[in-house]
Amino acid sequence: MKWVKRQVRWKPGDSASAHFGLITDAHNRGFKILLSVLGEPGDTTSDKFPAYATFVGDLAGAGADAIEVWNEMNIDREWKSGSISPANYVPMLQQAYNAIKSKNAGTLVISGAPAPTGFFGGCGGGGCDDKPYIEGLVAAGGLNYMDCLGIHYNEGLMPPTQSSGDPRGSSDHYTRYYQTMVDTYYNAAGGRKKLCFTELGYLSGQEWGTLPAGFMWKPPYNLTVAEHAQYLGEAARLSRDQGKVRLMIVFNVDLTTFGSDPQAGYAMIRLDGSCPACDTLRAVTGGG
């Protein structure tokens, strides 16, 4: 594994220099670093875009190897309700791209990954399903201002090699499966940009014997730890072999929170300190 991802929270008036240490630390440890730069929904109005662009440009100038421009901007938890639209996001992306490339042409610019969802039944100012959002992003010229199309995948219950059999309702929805997620995004971009997974994870609550209701997709705890490890390895293999994916960030390495948001259930390093996924990923990456 050659990359590490860190989130950086921005608000108008912030100095990027407060985060330069993240870049230095990653490089000192032998990693390239992806910074996912996001802020409050109220700061997604167009008058704030120049300040945001300056901020991410300064991060690029300090040596950030990749920058994700915002996060899950198709939902009102991340973008101002009433103005959710790919046409409103593209000007932010354009200004950020130009600022980043002016400071460091080698910094990879990744479009913000939408939240995978079919909840909204389309696209409107209050929220947008990810497929029409990506299609709108492409139609608005967004591919001109990215090196890579951001994507999240974190609700899988089936092996990445399968595209059917999910036990939940809407079992044929593309967000249920690794392959249909990849194909949906890649095809929406007409194959003109590869995908960058800024989050890819499989959730197992086996050690706790349960999961919070909002994450309980297959009782009693979704996946076994062995399945979690197997599926991460298979996803990495497919990402490597199919030529559609440029970067894959595993969510996550070692988070320990297990509450209403069971982050530890996604972690590669499990509750007992073991890391079964390290072995399955090593088999794909050829690491020592």
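As a reminder, the structure under discussion sits directly above these lines.
Cut-offs applied
Residues numbered from 1 in each chain as written. Predicted model: local features only at pLDDT ≥ 70, side-chain atom pairs only at ≥ 80, totals over all residues. Heavy atoms only, no water. Helix = DSSP H or I, 4+ residues; strand = E, 2+ residues; numbered from the N terminus. Pairing = 2+ DSSP bridges. Axes fitted to C-alpha atoms, helices over the stretch in contact; angles between N-to-C directions. Contact = heavy atoms within 4.5 Å. Expected span 1.5 Å × (residues − 1). Buried < 20%, exposed > 50% of the residue type's maximum accessible area, 1.4 Å probe, protein only. Core = buried A, V, L, I, M, F, W, Y, C linked by side-chain atoms within 4.5 Å. Disulfide = S-S within 2.5 Å. Polar contact = N/O pair within 3.5 Å; in protein donor to acceptor, adjacent residues only side chain to side chain.

Caption draft 1: Expanded view of unusual backbone geometry. The linkage connecting Pro-219 with the following residue, Pro-220, adopts the cis geometry, with an omega of 5°. Mapped onto the elements of the fold, Pro-220 is located in the loop between strand E8 (195-200) and helix H6 (225-241). In this model, Ser-170 sits at a positive phi of 50°, which is unusual for a non-glycine residue. Along the polypeptide, Ser-170 turns up in the loop between strand E7 (149-153) and helix H5 (178-188). Positive phi values are uncommon outside glycine, yet Asn-222 reaches one of about 70°. Tracing the backbone through its elements, the reader meets Asn-222 in the loop between E8 and H6.

Caption draft 2: Examining the sheet that holds strand E1 (residues 3-9) more closely. Spatial strand order, E1-E2-E3-E4: four strands in an open sheet with parallel pairing. The open sheet has two free edges, formed respectively by E1 and strand E4 (108-111), since each of these has just one partner strand. Neighbouring strand axes in the sheet, compared pairwise and without regard to direction, differ in orientation by 20° on average. The strands touched by helix H3 (residues 86-103) within the sheet are strand E3 (66-69) and E4, with E4 carrying the most contacts at an inclination of about 170°.

Caption draft 3: Up close: H6. The end-to-end C-alpha distance of H6, which contains 17 residues, comes to 25 Å, matching closely the 24 Å that a straight helix rising 1.5 Å per residue would cover. All of the buried residues in H6 are Val-225, His-228, Ala-229, Tyr-231, Leu-232, Gly-233, Glu-234, Ala-235, Ala-236, Leu-238 and Ser-239. Next to the buried residues of H6 lie H5, E8, strand E9 (245-250) and helix H7 (276-285). Note on H6: the residue one or two positions beyond its end, Gly-243, has a positive phi of about 75°.

Caption draft 4: The nonpolar core, seen in detail. Counting 71 residues, the largest nonpolar core has Val-37, Tyr-52, Trp-70, Tyr-89, Tyr-178 and Tyr-202 as its most contacted members. For this core, the leading source of residues is H3, giving seven residues. Contacts of Val-37, omitting those with residues within four sequence positions, involve Val-8, Trp-10, Tyr-52, Phe-55, Val-56, Leu-59, Ile-67, Glu-68, Val-69 and Trp-70. Of all hydrophobic cores here, the second largest spans eight residues; its members include Leu-34, Ile-110, Cys-148 and Leu-247.

Caption draft 5: Focus on the state of the cysteines. Following the criterion strictly, the structure yields three disulfides and no others. Between the sulfur of Cys-123 and that of Cys-128 lies a disulfide, 1.9 Å long from S to S. Taking the torsion about the sulfur-sulfur bond, which here is approximately -105°, the covalent link between Cys-123 and Cys-128 counts as left-handed. A disulfide bridge connects Cys-148 with Cys-196, and the sulfur atoms are separated by 2.0 Å. As the torsion about the S-S bond is roughly 110°, the Cys-148-Cys-196 disulfide counts as right-handed. Of this pair, Cys-148 sits in the loop between helix H4 (130-139) and E7 while Cys-196 sits in strand E8; the two residues are 48 residues apart in sequence, bridging distant segments of the chain. Accessibility assignment for this pair places Cys-148 and Cys-196 in one class, buried. Sequential numbering of the bridged cysteines in the protein gives the disulfide pattern 1-2, 3-4, 5-6.

Caption draft 6: A look at the environment of Asn-144. Here Asn-144 lies in the loop between H4 and E7. As for Asn-144 and Ala-99, which are separated by 45 residues in sequence, their C-alpha atoms are 14 Å apart. Contacts of Asn-144, omitting those with residues within four sequence positions, involve Tyr-97 and Arg-192.

Caption draft 7: View of the side chain of Glu-155. Relative to the helices and strands, Glu-155 is located in the loop between E7 and H5. For Glu-155, a relative accessible area of 11% gives the class buried. At a separation of 3.4 Å, a polar atom in the side chain of Glu-155 contacts the side chain of Thr-175. A polar side-chain atom of Glu-155 sits 2.9 Å from a polar atom in the side chain of Arg-176. Contact partners of Glu-155, with chain neighbours within four places excluded, come to Pro-116, Arg-168, Thr-175, Arg-176, Gly-201 and Trp-217.

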